[in-house]
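# Structural description and commentary
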Amino acid sequence: TPESQSVAEDASFRLISIADYTPNAAIHTHATGRMHAHSSDDLGTVSLSDLQARFTESIAPAVIYEKMSCKGIKIGRHFQWLDTVFRRDGQVLGKIVLPEAVRELKGYWLHPCLLDACFQLCLATDKDREEKSILLPAHVKSLYSVPVSWKQVWWCHVKQVKENGWNIRLFDET
């Protein structure tokens, strides 16, 4: 379960798991990090139509969630934000949609479940990865995001840059 804490233009995050949901349940921290805001000028422009034209193979998000479930990772409805997923040559383009189960986005620079949806897309970059064990993020060197509007639809472009490393770019339709 990712959790984040927003501080002005910067934010910190912590990826945690809880063995059970009893009052005294132990919390295990898997990863922590800091995020910094960048202007869209710093990152260059992203043409959604150009990206979409490059991808032809589609993957149903249900297939991704089922493969995770078979590996023992159950994704609840609050974390099922993937709507459309396309793959090609170690890259994935995913349409991420706010699920009805999540009502509030205020107070987050980057909602923890939105960040988790980006990580879920990393699993789809490698066809062979689907048959191997599922990797959970342990280190994020950088995550670039233009200021994301609080609409209900985002796009994420993920490119695998090494065996266990990905570049993640999150943006909205504007």
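Refer to the structure presented above.
No experiment lies behind these values; they were computed from the predicted model shown. (Residues numbered from 1 in each chain as written. Predicted model: local features only at pLDDT ≥ 70, side-chain atom pairs only at ≥ 80, totals over all residues. Heavy atoms only, no water.)

## What about the overall build of the protein?
Applicable threshold: Helix and strand labels come from DSSP, where a helix needs a run of H or I of at least four residues and a strand needs a run of E of at least two; each type is numbered from the N terminus. The rule is simple: take the accessible area with a 1.4 Å probe, protein chains only, and divide by the maximum for that residue type; under 20% is buried, over 50% is exposed, in between is partly exposed. Whether two residues are in contact is decided by their heavy atoms, any of which lying within 4.5 Å being enough. To measure how exposed things are, a 1.4 Å probe is used in the Shrake-Rupley method; for residues, cover is taken only from the protein chains shown.
Helix and strand counts for the protein stand at four helices and nine strands. Order of helices (α) and strands (β) in the protein, N terminus to C terminus: β-β-β-α-α-β-α-β-β-α-β-β-β. In the protein, which comprises 174 residues, the proportion classed as buried is 37%. Within the protein, counting contacts between residues at least 6 apart in sequence, those at least 24 apart form 61% of the total. A total of about 10200 Å² of accessible surface is found on the protein, and carbon and sulfur atoms cover 49% of it.

## Examining the state of the cysteines
Filter applied, for reference: We call a pair of cysteine sulfur atoms a disulfide when they lie within 2.5 Å.
Counting across every chain of the model gives zero disulfides. Residue Cys122 stays outside any disulfide, its sulfur separated by 7.2 Å from that of Cys156, the closest cysteine.

## Quick word on unusual backbone geometry
Excluding glycine, a negative phi dihedral is what most residues carry, and trans is how most peptide bonds are arranged. The phi dihedral of Asp89 falls on the positive side, at around 40°, and the residue is not glycine. With respect to the secondary-structure elements, Asp89 resides in the loop between β5 (82-88) and β6 (91-97). According to the relative accessible area criterion, Asp89 is exposed, its value standing at 69%.

## Focus on the packing of aromatic side chains
The condition that has to hold: Between the rings of Phe, Tyr and Trp (Trp by its six-membered ring), a pair exists once the centres lie within 6.5 Å; its type follows the angle of the planes, with under 30 degrees stacked, over 60 edge-to-face, and the other angles tilted. The rule for a charge over a ring is simple: NZ of Lys or CZ of Arg within 6 Å of the ring centre, and within 35 degrees of the ring normal.
Tallying each qualifying case throughout the model produces one aromatic pair. One residue, Arg88, lies across the ring of Phe55, its end atom 5.8 Å from the ring centre.

## Focus: helix α4 (residues 112-122)
With 11 of 11 residues buried, α4 lies mostly within the body of the structure. Those residues of α4 lying buried are Pro112, Cys113, Leu114, Leu115, Asp116, Ala117, Cys118, Phe119, Gln120, Leu121 and Cys122.

## Brief notes about the pairing of β5
Threshold: Pairing between two strands is assigned when DSSP locates at least 2 bridges connecting them.
The pairing of strand β4 (residues 57-59) with β5 spans three bridges and is antiparallel. Paired with Ser58 across the two strands is Phe86, which belongs to β5. Taken together, the six bridges between β5 and β6 define a ladder with antiparallel strand orientation. Each residue of the ladder has a partner; that of Arg87, found in β6, is Val92. Connecting β5 to the antiparallel partner β6 that follows it, the hairpin turn spans two residues, and Asp89 within it adopts a positive phi of roughly 40°.

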